[in-house]
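Each chain is listed here by its residues.
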Amino acid sequence: MPGHRSITEVEKLAAAKLGGFPIRRDQMAAVANIYRAASAVRQHLENSVLRDSDLTWTAFVVLWVVWVWGESETRHVAEEAGISKGTLTGVSRTLESRGLLRRAGHPTDGRLVLLSLTDEGEAFMQRVFPAFNEEEAFVTARLSDTECRSLAEGLRSVVLQVEEHGEERRQALLNGAEPTPRRSGRRAKG
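Report follows, based on the coordinates. Note that the coordinates shown come from a computational prediction; the quantities given were computed from them, not determined experimentally. All residue numbers refer to position in the chain's written sequence, counted from 1. A pLDDT threshold of at least 70 governs which residues receive local features in this predicted model, and a stricter bar of 80 or more applies before side-chain atom pairs are shown or counted, although totals over entire chains, interfaces and linings include all residues. Excluding hydrogens and water, the side-chain figures rest on all heavy atoms present in the structure.

### Notes on the environment of E120
We count a stretch as a helix when DSSP gives it H or I for four or more residues in a row; a strand needs E for two or more, and each element gets its number in order from the N terminus. On the secondary structure map, E120 appears in helix α6 (residues 119-139). E120 has contacts with R98, G99 and L100, leaving out every residue within four places of it along the chain. Whether two residues are in contact is decided by their heavy atoms, any of which lying within 4.5 Å being enough.

Laid out in structure tokens, this is it:
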């Protein structure tokens with residue numbers, strides 16, 4: 001099983017493996033590097049600024065969303081955080097038990113749950129976010145301000161492409177059929 005390889009090593013291995021395939025290499029490299037960059041940044045932030053707070057990336061993102069948006073329905077927080085409602089339930093219960101988040105029933109629809117920061121959660125975000133932002137500056141230190149803006153705009157375009165056209169593309173690829181349900185990765189015992 002291969003160990004951790006540098007981005008340069010992976011690019012060389014992929015080029016050797018895919019030499020005979022008619023592929024769009026620049027697009028492949030862009031998507032692969034989006035993934036690798038996201039993973040590297042997430043791991044760095046979890047192992048630095050979030051470590052002392054004993055928070056995962058996902059927990060921090062949930063706090064960020066509620067901090068910025070204010071009190072919000074769980075379905076909106078899950079969507080914005082890019083996680084399932086089931087994952088949000090576990091994360092929000094953990095944050096609630098730590099006194100950072102408040103879960104409350106919706107005043108007019110008992111099926112809905114609202115999330116808001118506690119006073120402690122608000123103070124926590126005001127204390128931790130500046131350190132988080134310092135690490136954002138660290139991981140982008142090789143880029144100029146102009147390059148950071150350009151990168152942000154390019155990634156925003158990727159997100160908009162998927163948001164605006166992803167569903168129609170999925171429908172076309174599946175000939176209008178619904179996707180098969182996701183599996184946990186485990187195979188049923190025979």
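The discussion continues.
### A closer look at the packing of aromatic side chains
Between 30 and 60 degrees the pair is tilted, below 30 it is stacked and above 60 it is edge-to-face, where a pair is any two Phe, Tyr or Trp rings, Trp via its six-membered ring, whose centres lie within 6.5 Å. Using the criterion set out here, one finds six aromatic pairs in the structure. Seen in terms of ring centroids, F129 and F132 are 6.2 Å apart; in terms of plane orientation they differ by 25°. Their pairing is stacked. Of this pair, F129 and F132 are both found in helix α6, three residues apart, which corresponds to roughly one turn of the helix. Just as F129 is buried, F132 falls in that class too. Taken together, the aromatic side chains of W57, F60, W64, W67, F129 and F132 make up a single cluster linked through ring pairs. The cut-offs for exposure are 20% and 50% of the maximum accessible area for each residue type, with area from a 1.4 Å probe on protein chains only; residues under the lower value are buried, those over the upper are exposed, and the others partly exposed.

### A look at the pattern of salt bridges
Definition used for salt bridges: Asp or Glu carboxyl oxygen within 4 Å of a side-chain nitrogen of Lys or Arg. Scanning the entire structure with this criterion turns up four salt bridges. Put simply, R75 and E73 hold a salt bridge, and the shortest N to O gap is 2.5 Å. Accessibility expressed as a relative area gives 14% for E73, which makes it buried. Notably, a salt bridge pairs E96 with R103, separated by 3.6 Å at the nearest N-O pair. A relative accessible area of 34% means that E96 is categorised as partly exposed.

### Description of the packing of helix α3 (residues 57-69) against helix α5 (residues 85-97)
Here, axes are lines fitted to C-alpha atoms. For helices the fit covers the stretch in contact, and angles between N-to-C directions go from 0 to 180 degrees. For the pair α3 and α5, interaxial distance at closest approach is 10 Å and the crossing angle is 80°. Of the possible angle classes, the one that applies to α3 and α5 is roughly perpendicular. In this structure, α3 uses T58, A59, V62 and L63 to contact α5, whose residues at the interface are L88, V91 and L95. Oblique is the label for any angle not covered by the other classes, which are roughly parallel (under 35 degrees), roughly antiparallel (over 145) and roughly perpendicular (65 to 115).

### Section: the sheet that holds strand β1 (residues 72-73)
Read from one edge to the other, the open sheet built from three strands follows the order β1-β3-β2, with strand pairing classed as antiparallel. In this open sheet, the two strands that pair with only one neighbour each are β1 and β2 (101-105). Strand pairing is defined by DSSP finding a minimum of two bridges between the two strands. Alignment of β2 against strand β3 (residues 113-117), held across five bridges, turns out to be antiparallel. Paired with R103 across the two strands is L115, which belongs to β3. Lying over the sheet, α5 contacts β2 and β3, oriented at roughly 120° with respect to β2.

### Regarding a negative patch on the surface
Exposure above 30% relative accessible area and the absence of a salt bridge qualify a residue for a patch, where like charges join within 9 Å and nonpolar side chains (Val, Leu, Ile, Met, Phe, Trp, Tyr) within 5 Å. A 1.4 Å probe and the Shrake-Rupley method give the accessible areas. Residues count as covered only by the protein chains that appear here. Charged-residue counts in this description rest on Lys and Arg as positive and Asp and Glu as negative, His and the chain ends being excluded. Where a charge lies is defined by one atom per residue type, namely NZ (Lys), CZ (Arg), CG (Asp) and CD (Glu). On the surface, E79, E80, E163 and E164 cluster together into a patch of negative charge. Residue assignment for the negative patch shows that the elements contributing at least two residues are α4 (74-81) and α7 (145-173). Position of E79 relative to the elements: it lies in helix α4.

### Brief notes about the nonpolar core
Core analysis: the largest hydrophobic core is formed by 27 residues, its most contacted members being L55, F60, V62, L63, L95 and L101. The element contributing the most residues to this core is α3, with seven residues. In contact with L95, other than residues within four places in its own chain, are L55, A59, V62, L63, L100 and L101. To qualify as a nonpolar core, a set must consist of buried Ala, Val, Leu, Ile, Met, Phe, Trp, Tyr and Cys residues joined through side-chain atoms within 4.5 Å.

Coordinates in, geometry out; function isn't part of it.
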